[in-house]
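# Reading the structure
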Amino acid sequence: MEAIYEFINKNGCDSLKIFKEVDLDNFLMLLKQIKIKYKDNLNIPLNLTFGCEIEFELADYKQVKEALETLIKKNKVQNWLLEKEEFVTKTDLTGVYGGEIDSPILNNTKDNWLELKAVCEMLKENKALALNECGAHIHVGTQILESPKAWLNFIKLWIIYEKIIYRFSYGLNELPRTKIDFYAHPIGNSLFRSLKDIKYEQDLKIILNNICFQMPVGLNFNNASIYPKDKNTIEIRCPNGTIEPIIWQNNINFFIKLLMYANNPNFDNDIIDYHLKKYTTSQNVLSKFNQVYYDEALELSDLIFDNNLDKLYFLRQYFKGDKQFILK
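Residues numbered from 1 in each chain as written. Predicted model: local features only at pLDDT ≥ 70, side-chain atom pairs only at ≥ 80, totals over all residues. Heavy atoms only, no water.

### Focus: the overall build of the protein chain
This is how the line gets drawn: What counts as a helix is a DSSP run of H or I of at least four residues, what counts as a strand is a run of E of at least two, and both are numbered from the N terminus. Just to be clear, the radius of gyration here is over C-alpha atoms, and the globule rule we use is 2.2 Å times residues to the power 0.38. Exposure classes here rest on a 1.4 Å probe applied to the protein chains alone. A residue is buried below 20% of its type maximum, exposed above 50%, and partly exposed in between. Note on contacts: a residue pair qualifies if any of its non-hydrogen atoms lie within 4.5 Å across the two residues. Surface accessibility in these figures is a Shrake-Rupley result with a 1.4 Å probe; residues are shielded only by whichever protein chains are displayed.
When helices and strands are tallied, the protein chain shows eleven helices and nine strands. For the protein chain, whose C-alpha radius of gyration is 20 Å, the value lies close to the compact-globule estimate of 20 Å for 328 residues. C-alpha extents for the protein chain along the principal axes are approximately 55 × 50 × 35 Å. Out of the 328 residues in the protein chain, the part that is buried amounts to 55%. Looking at the protein chain alone, contacts between residues at least 24 apart form 80% of all its contacts between residues at least 6 apart. Looking at the protein chain as shown, the accessible area adds up to about 15600 Å², and 50% of this sits on carbon and sulfur atoms.

Now the structure itself:
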């Protein structure tokens with residue numbers, strides 16, 4: 001990994017979008033050698049809240065229930081709940097298999113990250129897999145967006161970079177899960193068409209409360225309000241299912257940093273408005289999200305991250321390549 005620091009400052013925050021073509025090729029080759037490490041904590045405020053829905057298949061439901069209860073008795077985890085999930089839980093003559101484990105409200109603490117890792121490792125020990133039926137939904141407390149302006153900024157970011165967001169959220173895989181279009185339909189075009197109706201604060205509230213009434217979408221506002229109160233969350237549904245704690249942590253870090261950037265007083269309106277003027281709904285469709293968009297990915301990393309390590313971890317998962325980038 002050290003070789004990549006010939007191109008960027010190890011402890012800095014370089015602009016990656018200015019690479020010349022020859023440098024970009026070398027940078028991407030070195031990027032594929034990076035192994036993403038699980039961290040004790042992330043560079044995010046402690047008061048921000050989030051939660052996980054870990055869907056899994058194949059593992060015996062009863063055995064997982066007993067294993068989770070053991071973790072709770074040993075104080076390895078607290079208040080994690082196992083539930084049956086209609087889309088992944090299967091029943092046959094031999095038993096019940098698959099389900100979903102929901103986290104409590106989590107914060108950026110070492111103990112909480114250890115809990116997430118313990119649950120994922122327990123699922124692996126019980127031969128669980130996260131296959132094509134599974135999603136990995138993330139809930140983020142709405143207090144992360146501090147004003148109607150921040151909500152609007154976030155909507156614009158999602159519209160412009162949805163194709164980057166989706167490919168990143170596929171985790172270890174190059175492709176989305178089989179039924180993603182049914183359970184986590186892209187929302188960028190709907191949001192874009194709604195922008196012209198947002199003239200006042202109350203317009204934004206109405207749009208957020210009604211945007212996903214037709215089908216489950218990749219960015220769900222049904223439990224959200226622009227006026228934060230208890231149990232308000234933004235639900236991110238596009239990630240592929242995973243029981244890899246490193247992918248969970250990398251996903252959570254990315255989505256929280258994306259949301260945090262919407263509050264940034266230095267939010268780059270010039271870049272965002274430039275992309276919105278060029279935006280066409282025909283270009284932002286799920287079938288094109290599998291493609292790699294180098295310029296936009298580098299640009300997004302420069303916008304939302306304040307350090308090079310976050311940028312490298314994001315880009316490593318976005319560009320994919322060798323799946324063996326998990327470092328336990």
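Once you've had a look at it, read on.
### What about the pattern of salt bridges?
Threshold: The salt bridge definition used is simple: a Lys or Arg side-chain nitrogen within 4 Å of an Asp or Glu carboxyl oxygen.
Overall, the coordinates contain ten salt bridges when judged by the stated rule. Taking the shortest distance from any N to any O, the salt bridge between K124 and E121 comes out at 3.7 Å. Highlighted residues: K124 and E121, both in helix α3 (residues 110–125), separated by three residues, approximately one helical turn.

### Topic: the pairing of strand β8 (residues 233–236)
Note the following rule: Strands were regarded as paired on the criterion that DSSP finds at least two bridges between them.
A two-sided burial pattern is seen for β8, the buried positions comprising T233 and E235 on one face and I234 and I236 on the other. Sheet analysis places strand β7 (residues 219–220) next to β8, joined by two bridges and oriented antiparallel. Note on β8: the bridge partner recorded for N220 is E235.

### With respect to the packing of helix α8 (residues 245–261) against helix α10 (residues 294–304)
Note the cut-off: For helices, the fitted line uses only the C-alpha atoms of the stretch in contact; every axis is such a line through C-alpha atoms, and the angle between N-to-C directions lies from 0 to 180 degrees. Orientation categories follow fixed angle ranges, with anything under 35 degrees roughly parallel, anything over 145 roughly antiparallel, 65 to 115 roughly perpendicular, and all other angles oblique. Handedness of a crossing is defined here by the sense of rotation of the near helix relative to the far one, left-handed for an anticlockwise turn of less than a right angle and right-handed for a clockwise turn. When residues are grouped by polarity, Ala, Val, Leu, Ile, Met, Phe, Trp, Tyr, Cys and Pro land in nonpolar, Asp, Glu, Lys and Arg in charged, and all others, Gly among them, in polar.
Interhelical geometry of α8 versus α10 gives an angle of 70° and a closest axis separation of 9 Å. As summarised for this structure, α8 and α10 are arranged roughly perpendicular, according to the angle between their axes. Seen from above, α8 lies across α10 with left-handed handedness. Together, F254, K257, L258 and Y261 of α8 and L300, L303 and I304 of α10 make up the contact between the two elements. Its residues placed into classes, the contact of α8 with α10 shows six nonpolar, no polar and one charged.

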